[in-house]
Amino acid sequence: ITDGGYLLVIPINHTTCLGVLTESRSKNLDHLKDQLITLLEDEYESSVTCFEHGIIGQTVNHAHLHIFPAKINLTEQIKVDFPNSKIEVVENFSAFRKKYRTFHVPYLLWSSPNNKILVCWDPPAKPEHLRLLTANLLGVSERGSWKDMDPTLDKRLVKETIDKLS
C-alpha cells in the first residue's frame, strides 16, 4: 500500500489471530513490534501504523500484523463505520490477549498516530476493511486489495523495501 517499508509479521505456527497467541508469544510480539517501529521510523523518517483484522475481514486465515511507515488516523473512520461496536485502548499485545480471552469475539486492531493500540470488538467488517481504509486514507485506493495490486509495482516495492531494510 505504501511506497516502501510495508511489513507483515506472521507467526510461524498456524495462528488464526493475534488474540490467541500465548503469553510468551504476545510479549515477543510486543518487543518485535517496538523494534520494527524504531527501524521503520529511522529508515523512512515517518510515524508508523500497524493493524490486524483478527478473524474478521481476513482474506488469509492466518494471523498477520501489518506494520508500515505512514502517519494516519484510522480511529475516526472506524468509529463512523462501526458506531455500535465497542472501541477501547489496550496497553500492548499481552494486555490485548487477556481482553480477547474475556470477550472472544471478532475484532479489528490498530495503532493510533501516538502509538496507542486500539481494538474494535465485534464490528460487522467486510474482508480487508483496514487495508482498504488505509489505502483510501493514503490516497492510493487502487492498492487497497492485495488481489488487485499491480504485480509489477508490488514486486518493485518489495525489492526496494528489502534493499533499504537490509
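## Examining the packing of aromatic side chains
- Within the structure shown, the criterion is met by eight aromatic pairs.
- Ring geometry for Phe 96 and Tyr 100: centres 6.2 Å apart, planes at 35°, overall tilted. With a gap of four residues between them, Phe 96 and Tyr 100 both fall in helix α3 (residues 93-103), about one helical turn apart. A single burial state applies to Phe 96 and to Tyr 100, both of which are buried.
- Measuring from ring centre to ring centre gives 4.7 Å for Phe 96 and Tyr 107, while their planes differ by 65°; the resulting arrangement is edge-to-face. With Phe 96 in helix α3 and Tyr 107 in strand β5 (residues 107-111), the pair connects residues that are eleven residues apart, well separated along the chain. Here Phe 96 matches Tyr 107 in class, with each residue buried.
- Aromatic ring contacts, followed pair by pair, group Phe 96, Tyr 100, Phe 103, Tyr 107 and Trp 121 into a single cluster.
- Note that Lys 164 overlies the ring of Tyr 44, its terminal NZ or CZ placed 4.5 Å from the centroid.

## What to know about the side chain of Glu 52
- For Glu 52, the position within the fold is in strand β2 (residues 48-52).
- Lacking a salt bridge, the buried Glu 52 has Arg 97 as its closest oppositely charged neighbour, with an N-O distance of 12 Å.
- Separated by 3.0 Å, the side chain of Glu 52 and the backbone nitrogen of Leu 18 make a polar contact.
- Non-local contacts of Glu 52, meaning those with residues more than four positions away in its chain, are made with Cys 17, Leu 18, Ala 63, His 64, Leu 65, Tyr 107, Leu 108, Leu 109 and Leu 130.

## Quick word on the environment of Ile 37
- The residue Ile 37 is located in helix α1 (residues 23-44) in this model.
- Sequence separation between Ile 37 and Phe 68 is 31 residues, and the spatial gap between their C-alpha atoms is 8.2 Å.
- Dropping the residues within four chain positions of it, Ile 37 is found in contact with Val 48 and Asn 115.

## What about helix α4 (residues 129-137)?
- Taken as a whole, α4 has its buried residues at His 129, Leu 130, Arg 131, Leu 133, Thr 134 and Ala 135.
- The positive-phi residue at the C-terminal boundary of α4 is Gly 139, with phi of around 80°.

## Comments concerning the pairing of β5
- The buried count for β5 comes to five of five residues, which makes it a mostly enclosed element.
- Of the two faces of β5, the one lined by Tyr 107, Leu 109 and Ser 111 and the one lined by Leu 108 and Trp 110 are each fully buried.
- Of the pairings in the sheet, the one linking β2 to β5 comprises two bridges and is antiparallel in character. Residue Glu 52 lies in a different strand from β5, and its bridge partner there is Leu 109.
- Pairing analysis gives five bridges linking β5 to strand β6 (residues 117-121), with the strands arranged antiparallel. Paired with Ser 111 across the bridge in β6 is Ile 117.

## Brief notes about unusual backbone geometry
- Although it is not a glycine, Glu 45 adopts a positive phi angle of roughly 45°.
- Residue position: Glu 45 is located in the loop between α1 and β2.
- The backbone phi angle of His 104 is positive, close to 45°, even though this residue is not glycine.
- Among the secondary structure elements, His 104 is positioned in the loop between α3 and β5.
- Overall, His 104 belongs to the exposed group, its relative accessible area being 54%.

Definitions and limits used
Residues numbered from 1 in each chain as written. Predicted model: local features only at pLDDT ≥ 70, side-chain atom pairs only at ≥ 80, totals over all residues. Heavy atoms only, no water. Phe/Tyr/Trp six-rings, centres within 6.5 Å; stacked < 30°, edge-to-face > 60°. Helix = DSSP H or I, 4+ residues; strand = E, 2+ residues; numbered from the N terminus. Buried < 20%, exposed > 50% of the residue type's maximum accessible area, 1.4 Å probe, protein only. Lys NZ or Arg CZ within 6 Å of the ring centre and 35° of its normal. Lys, Arg positive; Asp, Glu negative; His and termini not counted. Salt bridge = Lys/Arg side-chain N within 4 Å of Asp/Glu carboxyl O. Polar contact = N/O pair within 3.5 Å; in protein donor to acceptor, adjacent residues only side chain to side chain. Contact = heavy atoms within 4.5 Å. Pairing = 2+ DSSP bridges.

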